[in-house]
Amino acid sequence: MISRLALSLSLSCLVASAQNGLTDIPDPDVSKQIAGFTLPEGMEINLFASDPMIAKPVQMNWDSQGRLWLVSSGMYPHIIPGAEENDKVLVLEDANNDGVADKSTVFADNLHIPTGVIPGDGGAYVANSTEILFLKDTNGDLVSDERRTVLSGFGTEDTHHIVHTFEHGPDGMLYFSQSIYIHSHLETPHGVRRLMGGGTWHFRPETYEAEVLYKGLINPWGFVFDDYGQTFATDGAGGHGINFVFPRSVHVTSPGAKRIIKGLNPGQPKLCGLEILSGTHVPDKMRGVMIAPDFRGHRINAYRLAPNGSTYTSTRIDDFISSSHRAFRPIDVKMGPDGAIYIADWYNPIIQHGEVDFRDPRRDHTHGRIWRVTYKDRPLAKKPDFQKASVKELLDLQVSPERFNREYARRELRHRGGDAVLPELQKWALNQGDDLAGLQAMWTLQALNTTNIKLVERLASSKKARIRAAALRFLYHRQDEVPSAAKIISRSIHDENAQVRLWAICCLAQKPSAQSVALALEALDHEVDEPLDFALWSIVREHEAHWVPAFEKGEMNFDNKLPRLLFAIAALEKPIALNSIIAGLSNGSLKGAEQSSAISAIGKVGTSEDLNQLLSLAADKKIPQLHTLNVLIDSKKIRKIQPSKGTERLLDFLKSRDQGTYQKTALLAGLWRIDSARQQLIATFSDPNTSGSKRQAAAEGLRNFGGKAAVATFEKFARDSQTDDIKALAVKELANLDPSRAAKAAVALLAKDEAGQDRYRLFDVFLKNPKASTSLANAIKGQKLPAKIARLGMQRAGTSGKPPENLIKALQTAGNLKPMAQQLSKEEMTLLVQRVQADGDPHNGERVYRSFNLQCVACHAIGGVGSPIGPDLVSIGSSAPVDYLITSLLNPNDKIKEGYHTTLVTTKNGDTFTGGLVSEGDQEITLRDNSGRMTKIAKADVKSKIISPVSMMPPGLTASLREDEFIDLVRFLSELGKEGEFKVDSRPVIRNWMALQPHKRTRDDIGHYGPKIFAEKFEDYSWTPVGSMVSGALPPKELPPVLGRGKTRWGVVRFGVEQPAKGAFSLKINESHLMHLFDGEKEIKLPEKGPATVEFKAGTDPQRFTIAVNSVYRSTNILVEVVTPK
Amino acid sequence: MRMKPWILSLLLISLAKGDGLTFQNNDRVVLLGNTVVERAQKYGHLETALTLAAGEKNLRFRNLGWSGDTVYGDARSYFGPPQEGFDRLRTDLGRIKPNVVIICYGAVASFDGDDGLMDFIKGYNRLLDMINSAANPRAIVLVSPPPAESLGSPMPDMSKQNERLETYRAAISKLASIRKIYFADLFGEMKGSNTGLTNNGLHYTEKGYAVLSSKLVKAMGLTPPTAKQIFSKSGQDLRAKIVKKNKLFFFHWRPANETYLRLFRKHEQGNNAKELEKFIPIIEARESEIDGLKTATLKVKS
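Residues numbered from 1 in each chain as written. Chains lettered and ligands numbered in written order. Predicted model: local features only at pLDDT ≥ 70, side-chain atom pairs only at ≥ 80, totals over all residues.

Draft legend 1. Region of the structure containing the overall build of chain B. Scanning chain B from terminus to terminus reveals 14 helices and five strands. Compactness check: chain B gives a C-alpha radius of gyration of 19 Å against a globular reference of 19 Å for 302 residues, within 12% of the reference. Viewed in the frame of its principal axes, chain B has a C-alpha envelope of about 55 × 55 × 45 Å. Counting only residues that meet the buried cut, chain B has 48% of its 302 residues in that class. Contacts spanning at least 24 positions in sequence make up 78% of the contacts within chain B whose residues lie at least 6 apart. (Helix = DSSP H or I, 4+ residues; strand = E, 2+ residues; numbered from the N terminus. Rg over C-alpha atoms; globule rule 2.2 N^0.38 Å. Buried ≥ 20, exposed ≤ 12 C-beta atoms within 10 Å, placed from the backbone. Contact = placed C-beta atoms within 7 Å.)

As structure tokens, then:
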């Protein structure tokens, strides 16, 4: 127990060296850092620049003279009162081309935590707190002597969120991003533009147009255009790897978002920076690979993308580079003019200031490094002198194999201006037969704020889909300048390529009109993937004011195509033309996904008459009953609306044998208060032979009736029932309805709860509102409760939005417990940190982490393996100091990761709901609580909604651990993400499994048929998810033991393999001893022992393979690697 | 809505309140508005001009301008709705307790033209009521937003916007006369000035602020300082000192990292909020230096 642990530590005699634990900082010697790198074969690394020449680089960008510009902030995270603003823009030069900077010039030195810099337009754009500045040197000494505010009104609510990630688009615009806590309000001559939360802007300096490209992402610290002008972003606090972003796309944590698009690699490390490997110096097989620094894990991850519909699949491949040095913090990565790859190293044992104190002495303010990566035996690229090149030479560079040259030649051309460049450029543009060259020409013209109509038209009809998509992206910005734009766009809605169709919708979204919506929805004639569906959903909602009146006046009718109308109604969630939808349901013309979408739409917006029809259709079995029941439940709960008549038709459904149908019917019977159902429900509830789930359903139905009768029913059974289950359920339901009457009986039940029933969930019912928790607290006073139950109660109470102090105190006394949250003294903390470093065993720590009692895996994932409720811990060890980990375990409310704050909703009747905000619509708020359960709350019922300072992580979770176990656990966490065994790598091993639970098949059956029986489809089998350890291995001992004959215990898991649609792959098994493998129901012969590799044809059934091991005699872990042919 | 007829008949008088604005010693003056007000603190011209126009009386300025702001406090809220920003302003005013409030809103709202006018005036009345209840200042000055500049292609032509600004100017003037508070017609004073005073048609350059400041002081019925005073050594030092003081106040009043210092993550880093108070004595020291430099500048003969 922690209380014991803290005590024993404070009594220990190690105090003498107490401070070392907190001041243990890595050695800044450069050779130490170099020794720490792990490089792939053929790669070399050298130091390009280091402290004291530079310090604390935040972002870097090249200029067209091959100089590297960077912003440097020693002030971060917060100005000290009385201190001067002294952050800098530095310019580094490597004049003798030896790969080492030989000169550093301070371009500007009075900045305030500058977070972005990019040279351009004859000066440099710099992000400076609330503003973007343009700094210019007018006399050639490379020192800024002119300062202009370009944009102001950026929020500064968090200094690692402020405007950052400056990039030039090929279109000549400046792109920059902001993070989750920032609220920006920019005044432009085109009107005010606001962005709440994360997102990326684009800005055209010559017109002062500033617009939002996409919204969301927590920390969009990486942004890049690919060779075709598509845009991608990484997230420094998200965990979806590479994100495909496009106009109006909305991503994770955008405030008020009803719907978001996920990234391409869920469960990946958090990334800062993004670059595409390109040019001749990079090995052929690496060209096109996206690299992004995992600054927590001291490494740079790599991803390979392939087009897939309108979006991409992204596969993580081996790390680009990694380091064991704890202060190596790669935060930006850029291809350089010599074809090498440059890495900005923030160099800091501490990464940020959200969780670690602003003034923590371990925070580094003076170091910083730029590393340069090259490949042995591969020639460097030639550095052109863009500044001295003629226009013709610059145009030739537009088709250079070096992407760097193409980009910087374009910037130089833009800088020289239209008068000097356009005559030659226009001629050149039309002479480019190759579409890729044409694309460069189109962009360079765009960068000069010019449009060549013929060229755009030609590219829009290119044979190559990605060129057509790029041409449409151009039209997204400048369709007014191309007379044929409307024709191109309407044609492209039916393009054979999904990404072209996506861009056509993006173009239409720029033109609010009924026609735009009608045209966009024609895309439904083709396959619709997630981005397409999102873009359509978005345009329907955005242009509502245009198409709805036109539709109602009969000026448009979606060509009388029901699926289009249905899509529009479902997206908008407004009651429009529901009659035709109902007709489509009753005549059977809507099927499958359209049918269920139609039912949902009517449920969301229909009148009570419409619901009436829905009920009839379900009763006549013309539409699926279960889905309809769910929809009717939501209509009642969220919109307080029910069928206008004939609700008794529901009684028929109570006869259903389908468990789900019965359950929903019972619920609904209560919600609709169908009196004739009440007696049936009571009978089912009180019949001792009723199954548990059915009884639960009947109880919930009865509760939904509410009122005195329901209270009386439950009170009676709570008092009189001789059946334990009935009594317990009655108490729980009574507590829901009238907590003060249930409190005493609840305490009696809890006091008896020794056998591991989950009666502690009774606490949740009493935690719903302060009156209820007070009545429970009063009932507990003077009583004794088992310590385990009291502790669980305190944990439940501790995570409710407003922890009820009176109840917590009562539980503490009743269970004779110490307080849950622990504050360690400085000395205790120091000793504990030392113990973790000296004695902690991370392997045993992983076992503790995975143990059921601790519930870590119920909320957290490591590298995407586990649950998404809490933050992914993949690199927690390499980003958080040990004392931070300890504090987080002992007192979760002390530190809450951004993006994981709890939302507390209080309804008008005083009930409170807490959880992570999943979505917020016009009608309802959806929360996910710490057991993963989703709750929808009707907006109409909501009194207040606030961000709660209470963590969803229960306090005192580790209270039951022994001291050594706690130390091992912390050690394990502190190793996560560091170079070594506890860093999740990119090997494609199976990490997500479904484990077979003990079941009703007899031991004799199993003994008779052998493990083949587990590969059969058998409906009583129940499978629960289980994840691999960090190494990818799965310990047989952790699998639920399925009893076989005699002493045999089986551990059984199923898994599938994500595969490209075609081709073959192999499974590489570490050890086949005492293992059986099944492909479907067919056993695959494995050798008696030793490793095995088996080849299979592709298939995507997620339950395809079954492995059964004898878990008594096999102690070797299970490790399965998927090998795909190159 | 129809507003035009009364606008035509309205006579724009620069001071809706009959008597001229006079400062008193140690007046706390709040400057309130959107970008034009916010950026004035960076250059200091406006405060310098007002400081000198007040003569021997010492003034204390607090610039509460905020880019993109409106009479509803749209830009001031962080994680909540605009009302939160409005409440924040109320708290700020309650703490500062200004004697004089100089307000310039309308530049953002005017992009909505006639459609937005009624809402704007409704919001302006609400704002003025709030200011009275929070701080009960002796004087309030409503300033019409300055005209926009058309800087030539590819920058947008702002003539339509200027027509809208005229409409808003008239409405603000009427509001001031109804409420019997001061009106300073910056729009009128700036109209017809040379162009090239702004970067982007809306927002003033350092030089532009020099022109704007003197015109605004005039529009308030005060006498702007002479060029000789402004360009004197002490005049330049005065402005530099004002800019420095403004920065310190900005770090105190609108600090970075508010999420941690005061908002929903203050349980983590709120202990660092005590640092914000350390700016106060530094600001006060700068202000007494400003008083001295002002006295010196006033002695410069015009």
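On we go from here.
Draft legend 2. Representation of the overall build of chain A. In terms of regular secondary structure, chain A is built from 37 helices and 43 strands. The C-alpha atoms of chain A give 32 Å as radius of gyration, which agrees with the globular expectation for 1126 residues (32 Å, within 12%). Dimensions of chain A, computed from the C-alpha atoms along their principal axes, are close to 95 × 85 × 70 Å. Counting every position in chain A, which comprises 1126 residues, the buried fraction comes to 52%.

Draft legend 3. Expanded view of the sheet that holds strand E19 (residues 243-245) of chain A. Residue and element names in this part refer to chain A. Read across the sheet, three strands follow the order E17-E18-E19 without closing on themselves; strand pairing throughout is antiparallel. If you trace the sheet from one side to the other, it starts and ends with strand E17 (222-225) and E19, each paired once. Averaged over neighbouring strand pairs, the angle between their axes works out to 30° when direction is ignored. Both strand E18 (residues 231-234) and E19 contribute to a ladder of three bridges, which runs antiparallel. Residue pairing across strands places phenylalanine 232 opposite phenylalanine 244, the latter belonging to E19. (Pairing = 2+ DSSP bridges. Axes fitted to C-alpha atoms, helices over the stretch in contact; angles between N-to-C directions.)

Draft legend 4. Representation of the interface of chain A and chain B in the model. Tallying the contact residues gives 39 residues for chain A and 37 residues for chain B. Among the elements that line the side of chain A that touches chain B, the one with the most residues is strand E13 (residues 183-188) of chain A, at five residues. Looking at side-chain class alone, the side of chain A that touches chain B contains 11 nonpolar, 18 polar and 10 charged residues. (Nonpolar A, V, L, I, M, F, W, Y, C, P; charged D, E, K, R; others polar.)

Draft legend 5. Region of interest: the sheet that holds strand E25 (residues 341-345) of chain A. All names here are of chain A. The antiparallel open sheet is built from four strands, whose spatial order is E2-E26-E25-E24. Among the strands making up the open sheet, the edge pair consists of strand E2 (43-50) and strand E24 (330-335). Each strand axis lies, on average, 25° off the axis of its neighbour in the sheet, ignoring direction. Pairing of E25 with strand E26 (residues 369-375), which is carried by five bridges, proceeds in the antiparallel orientation. By the bridge assignment, isoleucine 341 is partnered in E26 with valine 373.

Draft legend 6. Spatial organisation of the nonpolar core. All names here are of chain A. Membership of the largest hydrophobic core comes to 317 residues, with the highest contact counts inside it found for Val89, Ile505 and Ala746. Ranked by the residues each element gives to this core, the list is headed by helix H11 (residues 498-509), at 10 residues. Dropping the residues within four chain positions of it, alanine 746 is found in contact with Val731, Ala735, Leu762 and Leu776. Core analysis: the second largest hydrophobic core is formed by 33 residues, Met829, Ile862, Phe982 and Val1030 among them. (Core = buried A, V, L, I, M, F, W, Y, C linked by C-beta atoms within 7 Å.)

Draft legend 7. Spotlight on helix H24 (residues 724-737) of chain A. All names here are of chain A. The end-to-end C-alpha separation of H24 is 20 Å, in line with the 20 Å expected for 14 residues at 1.5 Å each. With 11 of its 14 residues buried, H24 lies for the most part within the structure. Those residues of H24 not exposed but buried are Ile726, Ala728, Leu729, Ala730, Val731, Lys732, Glu733, Leu734, Ala735, Asn736 and Leu737. Among the structural elements, helix H21 (675-686), helix H22 (692-705), helix H23 (707-720), helix H25 (739-752) and helix H26 (762-766) are those in contact with the buried residues of H24. (Expected span 1.5 Å × (residues − 1).)

Draft legend 8. Fine view of the packing of H11(A) against helix H13 (residues 530-542) of chain A. Residue and element names in this part refer to chain A. Look at H11 against H13: their axes get within 10 Å of each other, and the N-to-C directions meet at 15°. The orientation of H11 with respect to H13, classified from their angle, is roughly parallel. Remark: the crossing between H11 and H13 carries left-handed chirality. Counting all contacts with H11, which are made through Ala498, Arg501, Leu502, Ile505, Cys506, Leu508 and Ala509, the residues of H13 involved are Pro531, Leu532, Ala535, Leu536, Ser538, Ile539 and Glu542. Residue classes in the contact of H11 with H13 are distributed as 11 nonpolar, one polar and two charged. (Parallel < 35°, antiparallel > 145°, perpendicular 65-115°, else oblique. Left-handed = near helix turned anticlockwise from the far one by under 90°.)

Draft legend 9. Quick peek at the domain arrangement of chain B. Residues and elements named next belong to chain B. Per the domain assignment, the segments of chain B are domain 1 (4-224) and domain 2 (226-302). Taken over C-alpha atoms, the centre of domain 1 sits 21 Å from the centre of domain 2. Tallying the contact residues gives 16 residues for domain 1 and 15 residues for domain 2. Elements with a contribution of two residues or more to the side of domain 1 that touches domain 2: helix H2 (35-43), helix H3 (45-53) and strand E2 (59-63). Element by element, the count of residues in the side of domain 1 that touches domain 2 is highest for H3, at five residues. A breakdown of the residues in the side of domain 1 that touches domain 2 according to their chemical character gives four nonpolar, eight polar and four charged. (Domains from an automatic or database assignment.)

Draft legend 10. Summary view of the packing of H22(A) against H23(A). Residue and element names in this part refer to chain A. Following both chains from N to C, one finds H22 and H23 inclined at 140°, their axes separated by 7 Å at the closest point. Contacts from Leu702, Arg703 and Phe705 in H22 reach Gly707, Ala709, Ala710 and Thr713 in H23. When the residues that make up the contact of H22 with H23 are grouped by side-chain class, the tally is four nonpolar, two polar and one charged.

Draft legend 11. Broad picture of the confidence of the model for chain B. Residue and element names in this part refer to chain B. Averaged over all residues, the pLDDT of chain B is 93; the fraction at 70 or higher stands at 93%. Below a pLDDT of 50 lies the segment residues 1-14, which in the model reaches 18 contacts outside its immediate sequence neighbourhood of four places, other chains included. Interface confidence in the predicted complex, given as ipTM, is 0.95; pTM for the same model is 0.85. (pLDDT = per-residue confidence, 0-100.)

Draft legend 12. Inspection of the confidence of the model for chain A at higher detail. A residue-level look at chain A finds 96% of positions with pLDDT of 70 or above and a mean pLDDT of 90. Note on residues 1-22 of chain A: pLDDT is under 50 here. Beyond four places in sequence and across chains, it has 33 contacts.

Draft legend 13. Here's a closer look at the pairing of strand E3 (residues 100-104) of chain B. All names here are of chain B. For E3, the buried fraction is high: five of the five residues fall into the buried class. Neither face of E3 is left uncovered, since the one carrying Val100, Ile102 and Cys104 and the one carrying Val101 and Ile103 both have all their residues buried. The pairing of strand E1 (residues 27-33) with E3 spans five bridges and is parallel. For glycine 33, the partnering residue across the bridge sits in E3 and is cysteine 104. Strand direction decides the pairing type here: E3 and strand E4 (residues 139-143), joined by four bridges, are parallel. In the sheet register, isoleucine 102 faces E4, and the bridge partner there is valine 141. Crossover handedness for the path E3 to helix H5 (residues 114-135) to E4: right-handed. (Right-handed = clockwise from strand over helix to strand, strands pointing away.)

Draft legend 14. Summary view of the environment of A:Gly1032. Residue and element names in this part refer to chain A. Structurally, the position occupied by glycine 1032 is in the loop between strand E35 (1023-1027) and strand E36 (1042-1043). Put simply, glycine 1032 and leucine 1119 are 87 residues apart on the chain and 6.3 Å apart in space, counted from C-alpha to C-alpha. What glycine 1032 contacts, discounting residues up to four positions off in sequence, is Arg987, Val989, Arg991 and Leu1119.

Draft legend 15. Structural detail: helix H8 (residues 453-460) of chain A. All names here are of chain A. If you check which residues of H8 are buried, you get Leu455, Val456, Leu459 and Ala460. Take H8 and look down its axis: the buried residues cluster within an arc of 130°, on one side only. Where H8 is buried, its residues touch helix H6 (418-430), helix H7 (435-447), helix H9 (465-478) and helix H10 (485-492). (Arc of directions from axis to C-beta.)

Draft legend 16. Up close: unusual backbone geometry. Residues and elements named next belong to chain A. Omega for the bond connecting aspartate 51 with proline 52 falls within 30 degrees of zero, at 5°, which places this linkage in the cis form. Along the polypeptide, proline 52 turns up in the loop between E2 and strand E3 (57-62). Note the cis peptide between tyrosine 76 and proline 77, where omega equals 10°. Along the chain, proline 77 falls in the loop between strand E4 (68-72) and strand E5 (87-93).

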